[in-house]
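The chain contents come next:
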Amino acid sequence: MTYSRARSQALLERARNSLAGGVGSGVRLAEQPGPLYFERGVGPRIYDVDGNEYIDYVLGQGPLLLGHSPQPVIDAVREQVGQLLISAGEHVVEIELSERLQRILPVAGLVRYNGSGSEAVASALRIARAATGREKYIKFEGHYHGWPDPVIISYWPNPAQAGPREQPHAVPGSGGMVGHVLEEVIVLPWNDLEVVEATLRERGHEVAALITEPIMVNSGGIAPGPGYLEGLRRLTEQYGVVLIFDEVITGFRVALGGAQELYGVTPDLATYAKGIAAGLPLAAIAGRRELMDLIVNGSVLHGGTYNTHPLVMAGANAAVAYLERERDTVYPHLFAMGDRLRDGLRAVCARHGVPCVAGGVGPAVQLAFTNRPAIVDYRDYAARDQALYQKFVAQLAVRGVRTILRGTWYISAAHTADDIDATVVATDAALAAALG
Ligand SMILES: Cc1ncc(COP(=O)(O)O)c(C=O)c1O
């Protein structure tokens, strides 16, 4: 049967008259072979309005750690929906989830919730500034911490305009941003402890926070080099800088306790979203008590009408309870499926003579077509052959595999070895077509 997305295309045309660009988020405009309209998802599969079935590695850009429509989460939300939608007051499920997070997350002296990862990051930076009385923060080139002005800086800068590798310029990620945010941030290359050390030696007294994805999933799926996170911990302590791990992607995914459990390094604050709620819009900030007390004693404002929305909290509590109960089977499975996919992708690239790096950590797999032997920072990642990758992703969609344009493949607990093997078969044909 030939692949058709005629209905999606017709809906997109109609949507463009009312919904800006026909899509709900800017990044979806670039979708290959074009934005699609989806109807339902079950386990690792998602179905569009043209009746096409895809093995899904987008997983909602990460939240669907348990796959589509996970039963415990659906049941919990169903039960809650008839009882209370929102109260602007408290609900017992908030305590249950918070107690779970305290058990699971090394950083969690106390927790608070928001609706999106961007808000949780904003809270973390605000707490760090209030705690230190300093204003600047360090972020790393290629790391994504959300789309608001203070953080959408040097995410995917054009390397030709981004300055020297050791001292990158702060490059705004959008039009319409206020200029002073660029002066508040010090952008550094990742995985290079010497640069951090030299920067803090000179400017540590100005720096409130150092924020990092503990695994650089958003650009290249790069693992921290040996001793790197430990080094960041040591240096931030030495210079009185608040260390923030942005675990929006790594949290609950690379281990139940996230990257801080996997690598045994505990930050001062950490932010969560995506996997925490298995598809519902929830984020959290967790941190050392002395820091979180700043929002308790009122010196730092933390707000949000939709914070701890009962539907979302019921779903998240069910998701995290499931992960806690099944951790001994879920995480080995996620890692085994990640390795299986990585091995398959490497073999396919080798068969077609396409140099590649198939990396990432556990169930956050990353594929890049590149001549470089390894990808250790943003400049390596930016040098990949993205034109070929874009064709490859479009050819995969036609063959029933949906994956992310930037090279990330998210695997859920619902993906089976058969799904991975079928995917690898599709990648073989897709790469041949993309090269042809
Ligand atoms: C590491 C990281 N931090 C923060 C965010 C922002 O989260 P949200 O899109 O929920 O605002 C994202 C989103 O992809 C992310 O990957």
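The structure displayed is predicted, hence computed values, not measured ones.

Asker: Which residues make up the pairing of strand β11 (residues 356–361), and what values go with them?
Answerer: Taken across its six residues, β11 has five buried, putting it largely inside the fold. Strand direction decides the pairing type here: β11 and strand β12 (residues 364–369), joined by six bridges, are antiparallel. Considered in β12, the bridge of Val-357 is made with Ala-368.

Asker: Any chance you could break down the site of the ligand for me, citing the residues and the numbers?
Answerer: In the vicinity of the ligand, the residues found are Ser-116, Gly-117, Ser-118, Tyr-144, His-145, Gly-146, Glu-213, Asn-218, Asp-246, Val-248, Ile-249 and Lys-274. A distance of 2.9 Å separates an oxygen atom of the ligand from a polar side-chain atom of Asn-218. Relative to its unbound accessible surface of 390 Å², the ligand loses 84% to contact with the protein. Split by residue class, the shell around the ligand holds three nonpolar, six polar and three charged.

Asker: Lay out a nonpolar patch on the surface with the relevant residues and their values.
Answerer: Nonpolar side chains collect at one region of the surface, where Val-81, Leu-85, Ile-86 and Tyr-306 lie side by side and expose about 400 Å² of accessible area between them. Summarising the element assignment, Val-81 is placed in helix α2 (residues 71–81). Given a relative accessible area of 44%, Val-81 falls into the partly exposed group.

Asker: Explain the sheet that holds strand β4 (residues 110–114) to me, and be specific about the residues and the numbers.
Answerer: Overall, mixed pairing links the seven strands, which are arranged β4-β10-β9-β8-β7-β5-β6 in an open sheet. The open sheet has two free edges, formed respectively by β4 and β6 (185–188), since each of these has just one partner strand. Taken over all neighbouring pairs, the strand axes of this sheet differ in orientation by 20 degrees on average, direction set aside. Pairing geometry for strand β5 (residues 136–140) and β6, over four bridges, is parallel. Paired with Phe-140 across the strands is Leu-188, a residue of β6. Helix α4 (residues 117–132) contacts β4, β5, β7 (207–212), β8 (242–246), β9 (269–272) and β10 (283–287) of the sheet and is inclined by roughly 25 degrees relative to β10. The strands that helix α7 (residues 228–238) touches are β5, β7 and β8; relative to β8, the one it contacts most, it runs at about 150 degrees.

Asker: An account of helix α9 (residues 289–296) is needed here, citing residue identities and associated values.
Answerer: For α9, the full list of buried residues reads Leu-291, Met-292, Leu-294 and Ile-295. Taken end-on, α9 shows its buried residues confined to a sector of 130 degrees, consistent with a single buried face. Contacts from the buried residues of α9 go to β4, α4, β8, β9 and β10.

Asker: Account for the domain arrangement of the protein chain, naming residues and giving values.
Answerer: Frequently, the measure chosen for interface size is the accessible area that the parts lose on association. When cut into domains, the protein chain gives domain 1 (6–69 + 328–435) and domain 2 (71–325). Once you take the C-alpha centre of each, domain 1 and domain 2 turn out to be 25 Å apart. Counting residues at the interface gives 27 residues for domain 1 and 40 residues for domain 2. Summing the contributions of domain 1 and of domain 2, the shared interface buries around 2,700 Å²; its carbon and sulfur component is 64%. Per-residue buried area on domain 1 facing domain 2 is highest for Tyr-331, Tyr-378 and Arg-379; these three make up 26% of the total on that side. Summed over the shared surface of domain 1 and domain 2, the result is two salt bridges. Ionic pairing is found between Arg-165 and Asp-377, a salt bridge with its closest N-O pair at 2.8 Å. For the pair domain 1 and domain 2, the interface holds twelve residue pairs in polar contact (both at pLDDT 80 or more). Counting residues per element, the ones that place at least two in the side of domain 1 that touches domain 2 are α11 (327–351), β11, β12, α12 (378–382) and β14 (408–410). Grouping the amino acids of the side of domain 1 that touches domain 2 by side-chain chemistry returns 17 nonpolar, seven polar and three charged.

Asker: So what about the pattern of salt bridges? Which residues, and what values?
Answerer: Once their charged atoms are close, side chains differing in charge can pair, the charge on each being opposite to the other. Counting across every chain of the model gives 24 salt bridges. Here Arg-233 ties to Glu-237 by a salt bridge, and the two come within 3.5 Å at their closest N and O atoms. Residue Arg-233 and its partner Glu-237 are located together in helix α7, separated by four residues, close to a single helical turn. Judged by relative accessible area, Arg-233 falls into the buried class, the value being 12%. Measuring nitrogen to oxygen at the nearest pair gives 2.9 Å for the salt bridge that ties Arg-288 to Glu-290. Its relative accessible area of 48% is what places Glu-290 among the partly exposed residues. Ionic contacts of the salt-bridge type, sharing partners, join the residues Arg-233, Glu-237, Asp-268, Arg-288 and Glu-290 into one network.

Asker: If you had to explain the state of the cysteines to someone new, which residues and values would you point to?
Answerer: Applying the stated criterion across every chain yields a total of zero disulfides. Not part of a disulfide, Cys-349 finds its nearest cysteine sulfur in Cys-356, a span of 3.3 Å. On the basis of relative accessibility, which here comes to 2%, the residue Cys-349 falls in the buried class.

Asker: Give me the lowdown on the pairing of β8, citing residues and values where you can.
Answerer: With five of five residues buried, β8 lies mostly within the body of the structure. Judged by which residues are buried, β8 turns out to be covered on both faces: Val-242, Ile-244 and Asp-246 on one side and Leu-243 and Phe-245 on the other are all buried. With four bridges joining them, β7 and β8 adopt parallel strand pairing. By the bridge assignment, Thr-212 is partnered in β8 with Phe-245. For the crossover that starts at β7, traverses α7 and ends in the parallel β8, the hand is right-handed. In this structure, β8 lies alongside β9, joined through three bridges in parallel fashion. In the sheet register, Phe-245 faces β9, and the bridge partner there is Ala-270. Between the parallel pair β8 and β9, the chain is carried across by helix α8 (residues 258–263), and the sense of this crossover is right-handed.

About the criteria used
- Residue numbers restart at each chain and count upward from 1, following the sequence in its written direction.
- Thresholds applied to this predicted model are a pLDDT of at least 70 for local features of residues and 80 or more for the giving and counting of side-chain atom pairs; totals over whole chains, interfaces and linings are not thresholded and use all residues.
- The basis for every side-chain value is the complete set of heavy atoms in the structure, and neither hydrogens nor water enter the calculation.
- Three exposure classes are used, based on accessible area relative to the maximum for each residue type with a 1.4 Å probe and protein chains only: buried under 20%, partly exposed in between, and exposed over 50%.
- Only DSSP runs of H or I covering at least 4 residues are called helices, and only runs of E covering at least 2 are called strands; the numbering of each starts at the N terminus.
- The pairing criterion is simple: DSSP has to find at least two bridges between the two strands.
- Being near a molecule or strand, for a residue, comes down to having at least one heavy atom within 4 Å of it.
- Here a polar contact is recorded for every N or O atom pair within 3.5 Å, except that within protein the pair must consist of a potential hydrogen donor and a potential acceptor, and residues adjacent in sequence are included only if both atoms are side-chain atoms.
- Areas reported here follow the Shrake-Rupley algorithm with a probe of radius 1.4 Å; residue values treat only the protein chains shown as occluding.
- Any residue outside Ala, Val, Leu, Ile, Met, Phe, Trp, Tyr, Cys, Pro, Asp, Glu, Lys and Arg is labelled polar, Gly included; the first ten of those are nonpolar and the last four are charged.
- To count toward a patch, a residue needs a relative accessible area above 30% and no salt bridge. Like charges then connect within 9 Å, nonpolar side chains (Val, Leu, Ile, Met, Phe, Trp, Tyr) within 5 Å.
- In the sections that follow, a salt bridge refers to a side-chain nitrogen of Lys or Arg positioned within 4 Å of a carboxyl oxygen of Asp or Glu.
- Interaxial angle, 0 to 180 degrees, is taken between N-to-C directions of lines fitted to C-alpha atoms, where a helix line uses only the stretch in contact.
- Residues are treated as being in contact if the distance between any of their heavy atoms lies within 4.5 Å.
- Along the arc lie the directions from the helix axis toward the C-beta atoms.
- For the purposes of this description, domain bounds are those given by an automatic or database domain assignment.
- Each of two parts loses accessible area, computed with a 1.4 Å probe, when they are put together; buried area is these two losses added.
- Throughout, a disulfide means two cysteine sulfur atoms within 2.5 Å of one another.
- With the strands aimed away from the viewer, a crossover counts as right-handed if its path from the first strand over the helix to the second runs clockwise.

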